[in-house]
Every structure is written in structure tokens, then in C-alpha cells.
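Results of the structural survey
Read off the chains here:
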Amino acid sequence: MSIAALAPAEPGISGPISMAIDVHAVSHRFSLTGSQLPVIETLDLSIAPGDFVALLGPSGCGKSTLLRLIAGLERPTSGSILADGRPITRPDPSRGLVFQDPTLFPWASVWKYVATGLEARGRLREEHERVDSALALVGLEAFADAYPHQLSGGMAQRASLARALVNDPALLLLDEPLGKLDSLTRLTLQAELVGLWQRNGFTALLVTHDVEEALLLSSRVIVLSDRPAHIKAEFRFDKPYPRHRDDPDLVTLRRSILATLGLPT
Amino acid sequence: MGGSTGLFAAITGGVAVLFVILSPIVPRLGGTRDLLLHYGPWFVAVGVWLALWELTTAKFGWLPKPFFSPPHGLLNVYVTDGQRLLICIGYTLRLWTLGFLSGILAGYAIGVALGWSKRFSYWGMPFLKLIGPVPATAWIPCTFYFFPTTFGASVFIVALASGIPVAILTASGVSSVNRTFYDVGRILGADNWYLIRRVAIPASTPHVFVGLFMALYYSFAVLVVAEMLGAKYGLGWYIQFQTAYSGYANVYAALIIMAILCAGLIPLLFVVRDRLLSWQEGFI
């Protein structure tokens, strides 16, 4: 795998560092009382290993559903999704997911919460130091014994990131992870996300409402249509990090993306 | 009845002397001062209450014998029948402990299953809803048939009274757990067994404790009925026995003991709860 050069410094689990995702003609419908609601309509998408891809689209268009399908939490109504060529049938520790809400366990300390991924697979005893390194990655070492209600929104979302990173995922799915944070915390965490991605080398798929966030973090922005979602436009760009929001190229891209979304530029 | 009038007078007199001695030194007491000051109004209220009680019963007879009894009448019960009451307390605590513990354990297991499994809930919930409101006395005929000993039948009735609220509240607690918590677990590779142990059970614990507090009250309320079943000792049995012989002073005396026992167990349950639920907001 070409991306192997970006191997993480941490002692990781063996296995691929990043993952290719292939979405083939996926359609998905929700069964509501008596009727079927089409959410995704014949969607095709290929993500190369190690890419950082952003999904943009109007609210309620099925972006989160697509992430849940790729995570394996739900099965698509039709079509197939492949992870490194193998069909996704159920959730797997190699594919991490961070939700918009921190979803910390109120009864568990930060350390215990982050340890969930190891404990669930019966690996906590042998690999408990991975919890500490995951906490160190997100800068939460000092809060290992804190409980969720003692954390700020940014710290809670950091804990969620550490929880997802403890399994060393080859794919990190991010469902508007910074959507509810204040703008200063968001800027800090955007930079940290890029840092984690560069350092660990996983594939990242970010759902966001924020065009600027997509431009600052990803190298490929996919704009989805209104429900049922299909790909409306795609923007690829190659800019070194750290990026600046005032970069003229990004400003131009931002205009085109907003125009695609049908918003005033 | 007159046997304890002197003793009662001596005790109240002694307490009065104690308060007289305390009154000048209270301001100079350290930590106990605040405690005494805090309960001061209650000390006065208890004194007034006892005085009114004596006046309405023994002095003027407005509340007639044998339906009412003056305080020294109750004291007399403890003095003359103390031995038997102590044995009764022992028997009642044995019955209550066995019934309550087996009831809440079974109720908890059933509640987790009802809350977790849709199929179990489909078949089980209607039964629980039917059984829930049935008064404990209604079970006596069939418990007599199913249990080889009357003691077993009594334990079953206490267990049923404690188990039902625990089962209902545990089930509602487990089924109301935020679904995203399960998603988080599944993403990380957790199986169902892990999700039950590490997500459903801790998340539903606040509900379970509401059920446990209800179970504590119900189990005490049902003790009298449970001890109707051929018991030879026990506070419930004592109450029925004395009611039959119009020994109402003895009935009140036994009721007071039961109330104190129940009230004494509640702080114990609070200690357990505070320890297990220390993660809740506001506890730390």
C-alpha cells in the first residue's frame, strides 16, 4: 500500500493503516408507517486509501445515513459497499465513527469510555497502554478520571475522537463532529483533526455543513443533492496543510461550492 | 397498664433534666451544637406531641380505650412483652431479607430481559401488567398449593411484592437507553452480551433504584399478609394476633417497630445508590 510511508509512530495493531471504500449503486429507503422514504438514490463513490474526503449537502439529505451504511450499522436497501474489496455487512473496529453529539457514557470516566473499544474485544488487559496513548493524541491525559458532566463540549468531543482512535481505525467516519462546538474550539479541533490524519494515515470521511471546514480539512469535496441523495458535484484540490481560510484558491472554490448548493455566494 | 406509668414519667423527667442541663452549655459545644440547634424545633414538637397524647388519652379519655393507648401504655408493651417482640423482629427480618433479596434479584433479571428483548417483552409484558395490580392476598390459595412450607409461601409473597416494581422500572430503564450508546458499542466491536453488561445495565441503574425504593415500601406493606400464612412469630403475625384480642396498644407498639425498621433501611439503600450512581451530575 502506497500510504504505508505514513505509518503511525504509535505501536499500532497489524493490518492496513488506511482503507479504500467503494460504494456501488447504493440506494437506501426508510420504512415509515405505511410508506417508503427514499434517502439515497443509486450513489457511486470511490475513496482512495489515505484520502480525506468531505461530504457536503443540504440538511437531512442522507449524508449521515451514508456514513451509517459505510460503518455497517445499517445495510443498504440495494447496492453494495466494499471496504478494501470486501463487502461491509456489519460494524468493524477498523472503521471508526464519531457522532455529532459526543455520546460519552455518563456512567464511565473518560479513561473507561476510551477503553470501551479494547474491552469489547477482550484486549484491554494486554493493550491498556493504548488508552493512554489515545488520550495523549487528543490532549486529554489530565482528564482520564473525569466524568462526562465535568467536561466542556470540546473536551467531550476530544474524548469521542480518542474512543474512535483507540482501535487504530483504517477509516475514520466523522459525522459533523465539530458542528455543535463554539467557533474557537472548532478551529482548534479542525487543526488537530488534520494533524491526527497526517500522523496516523487513516482514510477520513467527514460529513459537514460548513463549506470552509470541508476546504480546510479535505482534498476532495463531494456535494450531495437534496433527498434522495446522489452526487451533484465534486471538487478535488491539492493544497498543503496548514491551509489558510483566506487562500484565494480556497475562496474561489468556496464560491463554486456554495453556488452548487444553491446558496448566495 | 399502670405498670409503666412510673417508668414513663422517669424517662420523660430524665430527658427534661438533660435538656435543662444542656441549655446553658449548648453555646459552648463544638460540632454537636449545630446538630442540637438544627433538631431543636423537633425536640419541642415531640414534647408537645407526647403531652397532647397523654392529655387526650389517659387524662381526659377523649380518645377512649381500648382503641387508643397513652404513651406509657405503649412503653408498657415493650417492657412486658419485649422478649416476644424481639423474637418477632428476628423472624420478620429473616422473612423480609429472604423475600426482598430473592424478589429484587428475580425482578431485576426479568426487567433486563423485558427491556432488552423485543420477543421477551411481547410475551412477558402483558403478564407483568396483569400481575402487577393483583393484591398479595389473592396469591395465598395458589402459593399454599405450590410451596411445600408456609414459610416458602410467605417468602414468595414478599418476593412478588418487591420484584414487580423492580422488574417494571428496570424494563423501562433498559428500553429507554439512548440508542446511540448501542451504536457506539457496536462500532467498537461489542457483542450483545457486552452491550447488556456495559451499556444497558449501567445506563438503566437510576431507574432501577426508583424501583428498589418502591420495592422496599411494598415489601413492608405486604409483611402482615405474608405472616398470615401459619406463622408462629413475626411482627405481622403479632399485629394480627393482638388485633384479634383487641390488644391495640400492642398493635401500635409493633407498628412503630416496623416503621422504624423500614425507615432504617432507607438510608442504607441511599448509601448503596450514592455509591453506584456517583457518576450522575450533581453527585460529585
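Residues numbered from 1 in each chain as written. Chains lettered and ligands numbered in written order. Predicted model: local features only at pLDDT ≥ 70, side-chain atom pairs only at ≥ 80, totals over all residues. Heavy atoms only, no water.

1. Details of the overall build of chain A
Per the secondary structure count, chain A includes eight helices and 10 strands. Across its three principal axes, chain A shows a C-alpha extent of roughly 50 × 45 × 40 Å. Buried residues in chain A amount to 53% of all 265 residues. Taken as a whole, chain A presents about 11,400 Å² of accessible surface, with 53% of it coming from carbon and sulfur. Charge separation in chain A, taken as the distance between the mean sites of 26 positive and 30 negative side-chain charges, equals 4 Å. (Helix = DSSP H or I, 4+ residues; strand = E, 2+ residues; numbered from the N terminus. Buried < 20%, exposed > 50% of the residue type's maximum accessible area, 1.4 Å probe, protein only. Areas by Shrake-Rupley, 256 points an atom, 1.4 Å probe, with all protein chains shown as cover. Lys, Arg positive; Asp, Glu negative; His and termini not counted. Charge placed at Lys NZ, Arg CZ, Asp CG, Glu CD.)

2. Some thoughts on the environment of B:V199
Tracing the backbone shows B:V199 in helix α8 (residues 192-221). Residues B:V199 and B:G111, spaced 88 residues apart in sequence, show a C-alpha to C-alpha distance of 15 Å. Other than its neighbours up to four places away in sequence, B:V199 contacts A:F105, A:W107, B:V177, B:F181, B:Y182 and B:Y194. (Contact = heavy atoms within 4.5 Å.)

3. A word on the nonpolar core
The biggest cluster of nonpolar side chains holds 136 residues, and the ones touching the most others in it are A:I21, A:I70 and B:L235. Per-element accounting of this core gives the leading share, 13 residues, to α8(B). Not counting chain neighbours up to four residues away, the residues in contact with A:I21 comprise A:L45, A:S46, A:I47, A:I70, A:I81, A:L82, A:A83, A:I88 and A:L171. A:A214, A:L215, A:F237 and A:L250 belong to the second-largest nonpolar core, a separate cluster that totals 14 residues. (Core = buried A, V, L, I, M, F, W, Y, C linked by side-chain atoms within 4.5 Å.)

4. Some words on the interface of chain B and chain A
Often, the extent of an interface is quoted as the loss of accessible area on bringing the components together. Listed per partner, the contact involves 19 residues of chain B and 27 residues of chain A. A combined buried area of about 2,100 Å² lies between chain B and chain A, and 69% of that area is made up of carbon and sulfur atoms. On the chain B side of the contact with chain A, B:I187, B:L188 and B:W279 bury the most area, a combined 36% of that side's loss. Linking chain B to chain A there are two salt bridges. Residue B:D183 pairs with A:R68 through a salt bridge whose shortest N-O separation is 2.9 Å. Seen at the junction of chain B and chain A, the total is four residue pairs in polar contact (both at pLDDT 80 or more). Elements represented by at least two residues in the side of chain B that touches chain A include exactly α7 (179-187) and α8 of chain B. (Buried area = accessible area lost by both parts, 1.4 Å probe. Salt bridge = Lys/Arg side-chain N within 4 Å of Asp/Glu carboxyl O. Polar contact = N/O pair within 3.5 Å; in protein donor to acceptor, adjacent residues only side chain to side chain.)

5. Describing the packing of helix α5 (residues 153-165) of chain A against helix α6 (residues 183-200) of chain A
Residue and element names in this part refer to chain A. One can describe the packing of α5 onto α6 by two numbers: an axis separation of 11 Å at closest approach and a directional angle of 15°. Between α5 and α6, the crossing angle belongs to the class labelled roughly parallel. Between α5 and α6 the crossing geometry is right-handed. Note on element contacts: α6 touches α5 through T185, T188, L189, E192, L193, L196 and N200, opposite G154, Q157, R158, L161 and L165. Across the contact of α5 with α6, the residue classes tally to five nonpolar, five polar and two charged. (Axes fitted to C-alpha atoms, helices over the stretch in contact; angles between N-to-C directions. Parallel < 35°, antiparallel > 145°, perpendicular 65-115°, else oblique. Left-handed = near helix turned anticlockwise from the far one by under 90°. Nonpolar A, V, L, I, M, F, W, Y, C, P; charged D, E, K, R; others polar.)

6. Comments concerning helix α3 (residues 71-116) of chain B
An ideal rise of 1.5 Å per residue puts 68 Å on 46 residues; α3(B) reaches only 53 Å between its terminal C-alpha atoms. Most pronounced at B:D81, the bend in α3(B) amounts to some 85°. (Expected span 1.5 Å × (residues − 1). Bend = angle between axes of the 7 residues up to and from the residue.)

7. Considerations on the domain arrangement of chain B
Residues and elements named next belong to chain B. Here the domain parsing of chain B yields domain 1 (1-64) and domain 2 (71-276). Look at where the C-alpha atoms of domain 1 and domain 2 centre, and you get two points 36 Å apart. Carbon and sulfur atoms make up 77% of the surface buried where domain 1 meets domain 2, a total of about 850 Å² over both sides. Across the contact surface, domain 1 and domain 2 share zero salt bridges. (Domains from an automatic or database assignment.)

8. Things to note about the confidence of the model for chain B
Across chain B, pLDDT averages 89, with 98% of residues at or above 70. When pLDDT is averaged over each helix and strand of chain B, the minimum, 84, is found for helix α5 (residues 140-146) of chain B and the maximum, 93, for α3(B). (pLDDT = per-residue confidence, 0-100.)

9. Brief notes about the pairing of strand β9 (residues 220-224) of chain A
Remark: a regular strand shows side chains that alternate across the two faces of the sheet. Residue and element names in this part refer to chain A. Counted residue by residue, β9 has five buried out of five residues, so it is predominantly covered. In β9, alternate side chains face the same way, and those of R220, I222 and L224 on one face and V221 and V223 on the other are all buried. Here strand β3 (residues 52-56) runs beside β9; their pairing, made up of four bridges, is parallel. Residue pairing in the sheet places L55 in a bridge with I222 of β9. In sequence, β9 turns back onto strand β10 (residues 231-236) through a hairpin of six residues. (Pairing = 2+ DSSP bridges.)

10. A closer look at the pattern of salt bridges
Enumeration over the complete set of coordinates arrives at 18 salt bridges over all chains. Among the salt bridges present, the one from A:D249 reaches A:K239, with a minimum N-O distance of 2.8 Å. Of the two residues, A:D249 is situated in helix α8 (residues 248-260) and A:K239 in the loop between β10 and α8; the sequence distance between them amounts to 10 residues. Each member of the salt-bridge network shares a partner with another, and the members are A:R68, A:E74, B:D183 and B:R186.

11. A word on the side chain of A:E127
Residue and element names in this part refer to chain A. Within the element layout of this structure, E127 appears in helix α3 (residues 124-127). Residue classification places E127 among the buried positions, given a relative accessible area of 11%. Within the structure, E127 has its side chain in polar contact with the side chain of R123 (distance 2.5 Å).

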